[in-house]
Amino acid sequence: MKILKKFPSHSSVVELVEIQGKKFVLKTVSGEEACNEKRFLTIMRENNLPTIEVIDYPNLSTGQILLEYVSESKKAISESIEDAERWGSAIQKMHEIHFKDAFTITAENTKKNWDWNDFLKHRLEIAIQRQISEKSDLSNEFLNDIRAWVTPKLNIKRSEFSLLHGDLHDGNTLDKNGEVVLFDKSSEIFSGDPLYDLVIFLTHYPNGIYVETDFTDYKNDALLLKHFMKGYKNNFIENNKDILDVYMVIRALDRYPNHFEIFNKQIIESIIYKPSNY
């Protein structure tokens, strides 16, 4: 195996390699992340959805995945209403892959089943404790307000769960033969409520829903969201806002601070301190 170059990546090592004259992508992550990515891509393929092939190659280290190389690949999604619709459609098809349980995938490549509300409580406490241990700018009073707002709402009933990606932003999309490929799956959750996935999309396009801003980069958020929901075939803002708010608080806190999601603190404040909650 010959390493040809490294690709820019925020949370993993991604390299273009050559094996017997053919190019592949070698990705190095934690063992847990590797198990999640391989299983995710395999299930997408088994359900006839666009994906990149996982290559069976001997002598890979724990945490390494060998993947199909898509020549001249680029992000599948741009800031256009057409792409927003395509993206919504791709995610809707992924969410049509159903499971009877909510579960995570461990570093040993085994399923860990969760009661859905226990999982949410677990993620909330992880998020709060990380803010404390990393001495973030979020006060203890604010963190206590978050816990007090979220906890009574964790009685969410679900009888069926979906394949989740866990990190839905446009950098985790790839154009392959004109189709949207989703990759770089988060290991946080594998099967859960689709709305838990969709709040990450909203952290990137919050203007008009959770914040009001004149920042140029966010001026088209409402339009892009409208067309995303058209592709997704569900106006989840109108139909599921109360549950979205709960998931949003947990996930925005879990991902704070994040220079890609600059409004996460404001989003949380807009939810937990809105007048209807008093």
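A brief report on the enclosed structure follows. (Residues numbered from 1 in each chain as written. Predicted model: local features only at pLDDT ≥ 70, side-chain atom pairs only at ≥ 80, totals over all residues. Heavy atoms only, no water.)

When a protein is soluble and globular, its nonpolar side chains tend to lie buried together. In this structure, W116, I146 and F236 are the most contacted members of the largest nonpolar core, which totals 81 residues. It is helix α7 (residues 236-254) that contributes the most residues to this core, ten residues altogether. In this structure W116 touches A102, I156, F161, I189, S191, G192, D193, Y196 and Y247, once residues within four positions along its chain are discounted. Counting residues in each nonpolar core, the second largest holds six residues, with V17, F24, L26 and L66 among its members. (Core = buried A, V, L, I, M, F, W, Y, C linked by side-chain atoms within 4.5 Å. Buried < 20%, exposed > 50% of the residue type's maximum accessible area, 1.4 Å probe, protein only. Helix = DSSP H or I, 4+ residues; strand = E, 2+ residues; numbered from the N terminus. Contact = heavy atoms within 4.5 Å.)

Note that N113 resides in strand β7 (residues 111-114). Along the chain, N113 and G166 lie 53 residues apart, while their C-alpha atoms are 17 Å from each other. Not counting chain neighbours up to four residues away, the residues in contact with N113 comprise D101, A102 and F103.

This paragraph deals with the sheet that holds strand β1 (residues 2-7). The sheet built from four strands is open, its strands ordered β1-β2-β3-β4 with antiparallel pairing. Every interior strand has two partners, whereas the edge strands, β1 and β4 (64-68), have only one. Across this sheet, the average inter-strand angle for adjacent strands is 30°, counted without regard to direction. In terms of strand pairing, strand β3 (residues 22-28) meets β4 through five bridges, oriented antiparallel. Counterpart to K27 in the pairing with β4 is I65. Taken strand by strand, helix α1 (residues 31-46) contacts β3 and β4, and its axis lies near 30° from that of β4. (Pairing = 2+ DSSP bridges. Axes fitted to C-alpha atoms, helices over the stretch in contact; angles between N-to-C directions.)

Our focus in this paragraph is the side chain of T51. Note on placement: T51 falls in the loop between α1 and β4. Residues contacting T51, with those up to four places away along its chain left out, are L41, M44, R45, E68, K176 and V181.

The next subject is empty space enclosed by the protein. This structure, assessed with the given rule, holds one cavity of 30 Å³ or more. Size it by volume and the largest cavity reaches roughly 40 Å³. I77, S78, S80, D83, A84, W87, F201, Y205 and L224 are the residues that line the largest cavity. Top contributing element to the lining of the largest cavity by residue count: helix α2 (residues 81-95), with three residues. Looking at side-chain class alone, the lining of the largest cavity contains six nonpolar, two polar and one charged residues. (1 Å grid on protein atoms, 1.4 Å probe; cavity = no way out; pocket = protein on both sides within 12 Å on 5 of 7 lines; lining within 4 Å. Points joined across faces, edges and corners; volume = space filled by probe spheres on them. Nonpolar A, V, L, I, M, F, W, Y, C, P; charged D, E, K, R; others polar.)

Turning our eyes to something else, we now look at the pairing of β1. Bridge count for β1 against strand β2 (residues 13-19) is five bridges, and the pairing is antiparallel. Residue pairing for β2: K5 is matched across the bridge by L16. As consecutive antiparallel partners, β1 and β2 are separated by five residues.

As a further point, take the pairing of β3. The pairing of β2 with β3 spans seven bridges and is antiparallel. Across the sheet, the residue bridging to V13 is T28, located in β3. Between the antiparallel neighbours β2 and β3 lie two residues, among them Q20 with a positive phi of about 50°.

Moving on, we come to the side chain of E261. For E261, the position within the fold is in the loop between α7 and α8 (264-272). On the basis of relative accessible area, E261 is assigned to the buried category, the value being 2%. If sequence neighbours within four positions are ignored, E261 has contacts with I200, T203, H204 and R255.

So, about unusual backbone geometry. Residue Y256 is joined to P257 through a cis peptide bond whose omega torsion reads -10°. Tracing the chain through its elements places P257 in the loop between α7 and α8. Phi is positive for N48, which is not a glycine, with a value near 60°. For N48, the location among the structural elements is in the loop between α1 and β4. In this structure, D184 takes a positive phi of about 60° despite not being glycine. Along the polypeptide, D184 turns up in the loop between β10 (179-182) and β11 (191-192).

Our focus in this paragraph is the packing of aromatic side chains. Using the criterion set out here, one finds 21 aromatic pairs in the structure. Between W87 and F228, the aromatic rings sit 5.9 Å apart at their centres with planes inclined by 90°, giving edge-to-face as the arrangement. With a gap of 141 residues between them, W87 in helix α2 and F228 in helix α6 (residues 221-232) connect regions that are remote in the sequence. As far as the burial class goes, W87 and F228 line up, both buried. (Phe/Tyr/Trp six-rings, centres within 6.5 Å; stacked < 30°, edge-to-face > 60°.)

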